Amino acid sequence: MQGKLPQRQGLYDSAFEHDSCGIGFVAHIKGTRSHDIIRRGIEVLERMEHRGAESADNKTGDGAGILMQIPHELYRNELPTLPGPGLYGTGMVFLPRETGEAEYCIRELERVVDEEGLRTIGWRDIEVDSSVLGKISRASEPAMKQIFIAGKNTEDQAALERKLYIVRKVVEKKIRDSSLSRKRLFYIPSLSTKTMVYKGMFMPNQVRRYYRDLSDPLTSSAVALVHSRFSTNTFPSWDLAQPFRLLAHNGEINTIKGNRFWMSARESSFASPDFGSDIGKILPVIEPGKSDSASFDNALEMLYFTGRSLPHALMMLIPESWNEKNPIPEELKYFYEYHSTFMEPWDGPASMVFCDGRFVGGTLDRNGLRPSRYVVTKDDLIVMGSEVGVQTFPAERIAYKGRLMPGKLLFVDMEKGRIIPDEEVKRQIYTQKPYRLWVQLNTVNLEDLEVKGEVPVSMEENRLHEMHLLYGYTREDIKDIITPMVETAQEPTGSMGTDTPLAVFSDKPQRLFNYFKQCFAQVTNPAIDPIREELVMTLTSYIGEQQNLLEETPRHCRMIKFKNPIFTNRDIEKIRSSDSPGFKSITLPMTFPVRNAPGSLKRAMDALCASVEDKINEGCSFIILSDQNTDRENAPIPSLLACAGVHHHLIRAKKRTRVGLIIETAEAREIMHFALLFGYGAGAVNPYGAFATIHGLVNKGELQDIRYLKAEDNYIKALNKGLLKVLSKMGTSTLRSYRGAQIFEAIGLGNELINDYFTETVSRIGGIGIAEIEIETLLQHDTAYNSKPKLKDSQGMYQYRKEGERHAWNPESIYFLQWATRTGDYDKYKEFSRVVSKQNCSPHFIRGLFDFKPQTPIPLEEVENEKKILKRLTTGAMSFGSISREAHETIAAAMNTLSGRSNSGEGGEDPERFVPRPDGTFTRSAIKQVASGRFGVTSNYLANADEIQIKIAQGAKPGEGGQLPGYKIDKNIAKTRHSTPGVTLISPPPHHDIYSIEDLAQLIFDLKNANPKARISVKLVSESGVGTIAVGVAKAHADNILISGFEGGTGASPMSSIRHAGLPWEIGLAETHQTLVMNDLRGRVRLQTDGQLKTGRDIVIAAMLGAEEFGFGTATLIVMGCVMMRKCHQNTCPVGVATQDPELRKRFTGKPEHLINYFQFIAREAREIMAGLGIRNFEDLVGRSDLLSVRAIDHWKAKTVDPSALIHVPDDGEAHATHCVQTQIHKINDILDVTLIQKSSPALSMYGRMPVSIDMPINNTDRATGTMLSYEVSTRFGEDGLPDDSIQCTFKGSAGQSFGAFLAQGITFRLEGDANDYFGKGLSGGRLIAVPPEGSDFIPEENIIIGNTVLYGATSGEAFIRGIAGERFAVRNSGAVAVVEGAGDHCAEYMTGGRIIVLGRVGRNFAAGMSGGIAYVLDNDGTFEYFCNKGMVELSAVREFEDQDFIIELLQKHVKHTSSAVAKDVLMNWHDYLPKFMKVLPLEYKRALDEMRIAQIEAKLARVREEEQLGATY
Amino acid sequence: MGDPKGFLNIRRQESGYRPVEERVNDYGEVEKLMPDDSRRMQAARCMDCGVPFCHWACPVGNIMPEWQDAIFRGNWKAAYDILQDTNNFPEFTGRVCPAPCEAACVLALNDDAVTIRQNELAVIEKAFSLGLVVAKPPLMRSGKKVAVIGSGPAGLACADLLNKAGHTVVLYESSDGVGGYLRYGIPDFKLSKEIIDRRINILLKEGLIIKTGVTIGRDIPSSDIRNDFNAVCIAIGAREPRDLSIEGRSLAGIHFALEYLTQQNRVVRGDVITEQELIRAYDKHVVVIGGGDTGSDCVGTANRQGARSITQLEIMPKPPEHRTESEPWPLWPRLIKISSSHEEGCEQMWNISAKRFTGDGGMVNTISAIEVEWRTGNDGRQIMTEKPGSDFELEAELVLIAMGFVHPVHSGLVQDLGLDLDSRGNIKIDNNFMTNADGIFSAGDSSRGASLVVHAIQDGRLAADAINRYLIRDSLKQSPQC
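The sections below set out a description of the structure shown in this document. (Residues numbered from 1 in each chain as written. Chains lettered and ligands numbered in written order. Predicted model: local features only at pLDDT ≥ 70, side-chain atom pairs only at ≥ 80, totals over all residues. Heavy atoms only, no water.)

Notes on the overall build of chain B
Moving on, step 1. Along the backbone of chain B there are 19 helices and 16 strands.
Moving on, step 2. Computed over C-alpha atoms, the radius of gyration of chain B comes to 23 Å, within 12% of the 23 Å expected from 2.2 N^0.38 for 482 residues, which places it in the range of a compact globule.
Moving on, step 3. Dimensions of chain B along its principal axes, counting C-alpha atoms only, are 65 × 60 × 55 Å.
Moving on, step 4. The buried share among the 482 residues of chain B stands at 55%.
Moving on, step 5. Taking the intrachain contacts of chain B between residues at least 6 apart in sequence as the baseline, contacts between residues at least 24 apart amount to 69%.
Moving on, step 6. When the accessible surface of chain B is split by element, carbon and sulfur atoms take 48% of a total near 20,400 Å². (Helix = DSSP H or I, 4+ residues; strand = E, 2+ residues; numbered from the N terminus. Rg over C-alpha atoms; globule rule 2.2 N^0.38 Å. Buried < 20%, exposed > 50% of the residue type's maximum accessible area, 1.4 Å probe, protein only. Contact = heavy atoms within 4.5 Å. Areas by Shrake-Rupley, 256 points an atom, 1.4 Å probe, with all protein chains shown as cover.)

Here you go:
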């Protein structure tokens, strides 16, 4: 490895790596330096070890480090000639180990120092102990030396600091551009007069042992800022360890590509008085080839050195949300608005800690998804960390405890010796300049611009038809996409996945848009819920010429502002006709002459780019690219090609920021089209063709009673909603940061095309070039102007059409499969298999491009038996609710008979199914799924699993949540989901306990505790980079990883998600397998895949690409009678499979035997193929991609594809395991629960059941306490658990994450101290009590006591918390009852049942997505209404006695358990407090309760009448 | 889709036939039309399937879900546009198609299929009555000339599309009326000939040149045809009937079905047939040999002519009433079908093999036959054996042989042009419908063997497409190869 990332090979690419981590700092607020601070800092690091990761050697960490003030005494001791503190700069230099190269670097560095007018004082050797390193880390260990630099003249410290920055930037570039073979090792962690960084590829506990300096008592600092890294990186490297020069980052920047491009585009306009002509020396600002965090540090550092303060720069890069839902000062909003006109947010989850030697602090992004807690002691220490409990202080020493809040700054000025509150820091900054005035005077609202006269929308009928043909509008586009958008203002929904060929395999001319797939967040960063969490999202943006980033002038905000980026014809006319200064526009035709083909398109693109540049030089601020002028002679340039091509050309020409790019095209019509245009740089888009189409529909009366303006408005609304959804999938909050961020990957586009027009977009299997795009465009042009069919094409993209797009599930494949499995006729199955394979080779799926290399066959008898293969087969996750009970149980019964595994899906399972029925049928699902909704996930549910699957994403809609509409929820479904009949259930897009990879590790740990016997599996969806994510997942100790293809089915999903998000499994699986092998982690996990698998041949190929197990979803349904109606979301399935309608369910004809036949056929066929390949055991197939060859294809587009990277055998393939050979080490053998279980044995005994009482200390490394104990309870006593208080435990200290997770009925946990995140996750009947420790004298109700995401998915039980909780208290609670004394943002989000009382203030977005349960909030200051998201709930005073009784009773309990002062006060003065209570009741829940009540009354009435009748009879 | 739950709430309702006692006295169409509202309800039963098996099973690929949705919404124009796009002559198929679509309808899995054929008919008839079906001559002529020989459904469809594509098309027909089997094979009570004329008028207005009474190879030398046109499409049908070569076959009173049906259609048209030529069933014991559709047309015609009795013999076993496992949905099942003609009176017998005709004075009066049994041989083929002692006799004064057709007539055109034949004696064509002679194409029964009208139409359409490509030598639209 030699200290550098491996070369890109096969499907591995280091560019995909992510990281996240544990961060923190310890500081003395008054700035008193001591060695103790360093010691504490390192201890913080070590106590978060579980948040870091270790590699295959179990000894190499992903990186850890510490940033401190320069320990002057230490250095002075060794170098007596050193000038005084602040008069010299120093830093460590990582060097190549090879002496010659190291010397070269040293020489260069010294030369640059000299050139910049500074002086090298000397060098110091750093004493290290390499023996503590793991093998992998050691292999890449650099040589190290420390340099000391002074100014030649006695310059001021700021100037020297700036010079050092220039020196570092210059020398970095020099070495980067040199020809050294190990130049990647050269790295300067810090070079400053103030701070010093020690870091490397360590596990946290290695930091101190490696650097001798850190143990030296002379090493002192007032601050120690630390970071430990958990990267999905396969090959973490020394330079990417953190902290960086100014900060450490826990999070992920989703829009990093765009941010980097924009930064580079801006560089040409940089000018700074402090730098003068030196400004060029700091370019490029962003060091190439580093991590997102490193790039962020680069940007921050540049803004800092060019004159902005740290908080100012941070507020520019990660602005908090400032729309009307956010309670911040107006002036601050203007500050944000001003800056947002020229700096896009660096968007993504971020918890940052920063330090420049004087100031230290932390901040959270607008979503605040990364936990950050702090404690301030009475003797001026502040300790901040990702977890509480990283430093232990006696209770009486604590002054107060707090947490970082979304968008807020924690800011310590060690010179002034105080913590400056967020409002104060920000006020200083937003009052520096008259931002409000500047914005008001210069920024123009689009809606305020005038346009004279009528702007036409309609098109004459012939022209409209021609336009439809030219841009390939189909009847489906009109009927299934545009019409629903216009009628409902929503994106249409579909079901059952997509089974059409990739665009590059299609015989039909394709829009260029179809060659792209959306990227989405999984594991390493959370998706956002664009509906329920709209307060952080916005489409507002600006268009115009950007000014010098390093200055602030009124001109900077001379921009046009608009709230939605879809321009009507009127809007674009406003821009076109505007003649005010700075707003000059030009329209350029986006067309190419037909007669000059071939080559015409390429030439037209070149000409277009050149003329855009000319127009910029002439002073245009808006470039409108328009395809209005197409005709018989001129064909349209695909709008995406023109947009991306011009965008990238301008970035290369460094002119991109000087103009706004507006696309006027008839081509764009569906959400994906717009998302792509914005993702590749468009500022706004005018879809005049779609508008004309809608106008035509309105005119012909084909829409129901909608006038045009309303129709247009609906259409734009639907697009906007859809765009927000696409943004949120990747965890992106603002269109400004999304623009140009290229959060897409291409599939089927060739390298040259990508490099020229879609620079840095991932395209894994190559594909077509501009010549083929030209042909496709011309085919369409020919249709429009020559063959001119009377009707638009029907297309058949969504529904099968004979002449339309090919579908893998077509009448033939469906009926052959049903025929074969019903009659048990293997010959018929072979016919099915033949039809499928032939179609796959058309080509249709990527696997169709492969052939088996001929081998020497062996007799069939020598191949392992069918049973062993059957064990590898599973069915897809389909919930009871999405499919009927009959179908769900049929699958389970079949799979249990075969020893395969069926999957419960996300909907709980009736405990009655956990035992075999008297007739022997066993309908328990072996795989229990845990999805973001956590419906019915109880301790007992988990205890009854062979495998627990964490669904991170679903193939048909990765990055999105789901919704089970109320009308589908009958009594039975409600029961298994622990919800209320008729109440809609929402699955959030992210798991609220997985915002990062270390969170996933935690959930895996929780679930392993919840059922130590079950395998833990993680379901991911194929996308580029999934391999590196899988590495993280493997390091997080998953036993199984499932790579799902994007083709997979769904009960309901937005149309654009079904088709345009995710990749085929072939690519994701191969990448995952290769990356795991390279990293030597493959042997630790089993890989599974699914997505349109149908035959034995399919599974053999999948095995060769790396899978050990195989899932079948759609095929399973088809065997049971599904005929691909694609009506699952309408509840009208005519064969009783995907419906809850009792009439339709009667039509279900599926039998377990049919499925048994099917899977046996597959196994039989696989054996036959294995015999032909000479393979005896299935295991020997896994990862044998060398047995595959790429077939020559003569399809005109498909032949440009090269899938050979999929069958690449990684370099280390020989040495490392290529299938699972060992089990994961879960580290659950010596946890606290083992002791608890031992001590609880009297209560667990099946006979005695003696109550027990236990006292234990606890600290933050004790995680998931109580979970394994609950498993023991559930396996013995089932859902009912134990009698109340059978096991009572009291813990003292700081509890680790997931305290009391899945706590079963009968267990009571009392915590005296505080707790981290995920307290009471999945509470299953137990009782949790949290109180401050004895001796503390801070006021409980003003201090945070438990972390974020408390009671997530709780189904029953109680929680009493004396103190404040973090964000997302009681999220998705469906049955627990809780009292808390204050809560952060998003409290009661997605709640579906249970009741909570909040006796204090809450954060923003209370009750978002809350469909059930009741919350009572004590609204002391009358502000609650502002903080409540009233989308689904109503607020009322507490009037009913029933409510009053409930509150009083629960508060009495709260007092009993916690001695709460607030609760006592409330109870004592009940009548004063009563009017201050607000009741939050979801409307749907209210209706359901009313209905239940009415049903009760009716039943009673019926009885009364019956009795009356009886009376009359006698 | 208009009504997502329509199929749950509405029952299948057929438009039905006129009463037997009324209809047997005339040659008017027996099937009725339904009021628009009821028709819309029937269309609402369509579930707009993700995989519309009806559309797949339909040889011309009618897109039922789309036009049925349009019917439901009352948008007859849209329904007509979509229907017309895949089917040149819905007014023919809407009347005579056995509707493989309905067999494949997803509703037919566990309910009654949508009344697709009648819905189709309703669309086209509505379109005519609304004046939507009008001539649309091509705007430009390509200058290429194509001869289409034979004016049955295949030839008509082919000629129609080529004409619309702008080529100059001459349609040759050897008999005196256009339509082939449509005109002379199908009785008027199933397809009124005005329906054909109505369509032909439009085709003529669109510039199609039709020459009837011209037999190529006799009136015009076959070689001229090839030389005078850029391409030729042969759609002469499969007119060589399968004969029953048993004793007494040469007796008078034994006719091929087509002779009989053709004559009756001429009579209805008003042609005068001489007494010697006239084949009459009046007051006779009629025996129809062959249990197919042609046979049942003979039954219906004989009833109208006042036959004393009608017996229909079929050598194969009686088909089942319901689907069997060997012909699962959505395949076309061989089921017993009671046609409107059978309702009008007829005895049907299965497993019967005719052995001998006997007669009196050269006129047939008796048929001797025997019952047979079928079993499956080792090679999977069906083997027939006679059941000893089961022979019987039937009175038979008029015998109509409706045993199908073997292949096109070879003499004349086919031989003149030296066209290759396949093993069954049909004209051999490649994937592009071209025969072994360059530029000479063939479509319909003449190359596929006797089959349904709808297959003929589809062949004609595909051949037209191939000929069009041949004419403009389009190289871009290549089809993928596996």
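With respect to the sheet that holds strand E23 (residues 622–626) of chain A
Residue and element names in this part refer to chain A.
Moving on, step 1. Strands sit in the order E21-E23-E25-E26 across an open sheet of four strands; the sheet is parallel. Two strands bound the open sheet, and with one partner strand each, they are strand E21 (585–589) and strand E26 (684–686). Across this sheet, the average inter-strand angle for adjacent strands is 20 degrees, counted without regard to direction.
Moving on, step 2. Pairing of E21 with E23 involves five bridges; the strand directions are parallel. Across the sheet, residue Ser585 finds its bridge partner in E23, namely Phe622.
Moving on, step 3. Relative to E21, helix H16 (residues 600–617) is tilted by about 170 degrees, and along the sheet it contacts E21 and E23. (Pairing = 2+ DSSP bridges. Axes fitted to C-alpha atoms, helices over the stretch in contact; angles between N-to-C directions.)

Here's the deal with the side chain of Asp1317 of chain A
Moving on, step 1. By the secondary structure assignment, Asp1317 of chain A is in the loop between strand E43 (1307–1315) and strand E44 (1324–1331).
Moving on, step 2. Every residue in contact with Asp1317 of chain A, bar those within four places of it in the chain, is listed here: Pro371, Arg373, Gln1297, Ser1298, Gly1347 and Asn1348 of chain A.

Brief notes about the interface of chain B and chain A
Moving on, step 1. The interface of chain B with chain A comprises 41 residues on the first partner and 40 residues on the second.
Moving on, step 2. Where chain B abuts chain A, roughly 3,600 Å² becomes buried across the two surfaces, and 61% of that area is made up of carbon and sulfur atoms.
Moving on, step 3. Here chain B is connected to chain A by 18 residue pairs in polar contact (both at pLDDT 80 or more).
Moving on, step 4. Sorting the residues of the side of chain B that touches chain A by element identifies helix H1 (6–9), helix H4 (53–57), helix H5 (64–72) and helix H6 (76–86) of chain B as the ones contributing at least two each.
Moving on, step 5. Broken down by class, the residue content of the side of chain B that touches chain A amounts to 24 nonpolar, eight polar and nine charged. (Buried area = accessible area lost by both parts, 1.4 Å probe. Polar contact = N/O pair within 3.5 Å; in protein donor to acceptor, adjacent residues only side chain to side chain. Nonpolar A, V, L, I, M, F, W, Y, C, P; charged D, E, K, R; others polar.)

Concerning the nonpolar core
Residue and element names in this part refer to chain A.
Moving on, step 1. Within the largest apolar cluster, 313 residues are counted, with the highest numbers of intra-cluster contacts made by Phe516, Leu625, Phe758 and Leu1020.
Moving on, step 2. Top contributing element to this core by residue count: helix H37 (residues 1152–1173), with twelve residues.
Moving on, step 3. Beyond its immediate sequence surroundings of up to four residues, Leu625 is in contact with Leu588, Met590, Leu608, Val612, Ala642, Cys643, Val646, Leu661, Ile662, Ile663 and Glu664.
Moving on, step 4. Counting residues in each nonpolar core, the second largest holds 76 residues, with Met263, Leu303, Leu317 and Ile328 among its members. (Core = buried A, V, L, I, M, F, W, Y, C linked by side-chain atoms within 4.5 Å.)

Considering the sheet that holds E44 of chain A
Residues and elements named next belong to chain A.
Moving on, step 1. On the basis of which strands lie adjacent, the open sheet formed by ten strands has the order E41-E42-E43-E44-E46-E48-E49-E50-E52-E51 and mixed pairing. If you trace the sheet from one side to the other, it starts and ends with strand E41 (1252–1258) and strand E51 (1433–1437), each paired once. Each neighbouring strand pair of the sheet contributes to a mean axis angle of 15 degrees, computed without reference to strand direction.
Moving on, step 2. Pairing analysis gives four bridges linking strand E50 (residues 1412–1418) to strand E52 (residues 1477–1482), with the strands arranged antiparallel. The partner of Ala1415 across the bridge, within E52, is Val1480.
Moving on, step 3. Contacting E41, strand E42 (1287–1295) and E43, helix H38 (residues 1232–1239) crosses the sheet at an angle of about 160 degrees to E41.

What to know about the packing of H6 of chain B against helix H9 (residues 116–129) of chain B
Residues and elements named next belong to chain B.
Moving on, step 1. Where H6 meets H9, the axes come as close as 9 Å, and the angle between the chain directions of the two elements is 110 degrees. Here H9 runs roughly perpendicular to H6, going by the angle between their axes. For the crossing formed where H6 meets H9, the hand is left-handed. Of the residues in H9, those in contact with Trp76, Ala79, Tyr80, Leu83 and Gln84 of H6 are Glu120, Ala122, Val123, Ile124, Lys126 and Ala127.
Moving on, step 2. Within the contact of H6 with H9, the residues separate by chemical class into eight nonpolar, one polar and two charged. (Parallel < 35°, antiparallel > 145°, perpendicular 65-115°, else oblique. Left-handed = near helix turned anticlockwise from the far one by under 90°.)

Focus on the pattern of salt bridges
Residue and element names in this part refer to chain A.
Moving on, step 1. Counting across every chain of the model gives 144 salt bridges over all chains.
Moving on, step 2. Between Glu108 and Arg111 there is a salt bridge; the shortest N-O distance is 2.7 Å. Within this pair, Glu108 and its partner Arg111 are both found in helix H3 (residues 99–115), separated by three residues, close to a single helical turn.
Moving on, step 3. For the salt bridge of Asp177 with Lys173, the shortest nitrogen-to-oxygen distance reads 3.3 Å. Taken together, the residues span about one helical turn, with Asp177 and Lys173 both in helix H5 (residues 157–177) at a distance of four residues.
Moving on, step 4. Using a relative accessible area of 54% as the deciding quantity, one classes Asp177 as exposed.
Moving on, step 5. Among the residues examined, Lys173 registers a relative accessible area of 33% and is labelled partly exposed.
Moving on, step 6. Taken together, the salt bridges that share partners define one network made up of Asp36, Arg39, Arg40, Glu43 and Arg47. (Salt bridge = Lys/Arg side-chain N within 4 Å of Asp/Glu carboxyl O.)

Quick notes on the environment of Gly306 of chain B
Moving on, step 1. Here Gly306 of chain B is to be found in the loop between helix H15 (293–304) and strand E8 (309–313).
Moving on, step 2. Each C-alpha atom of the pair Gly306 of chain B and Tyr282 of chain B lies 4.5 Å from the other, and the pair is 24 residues apart in sequence.

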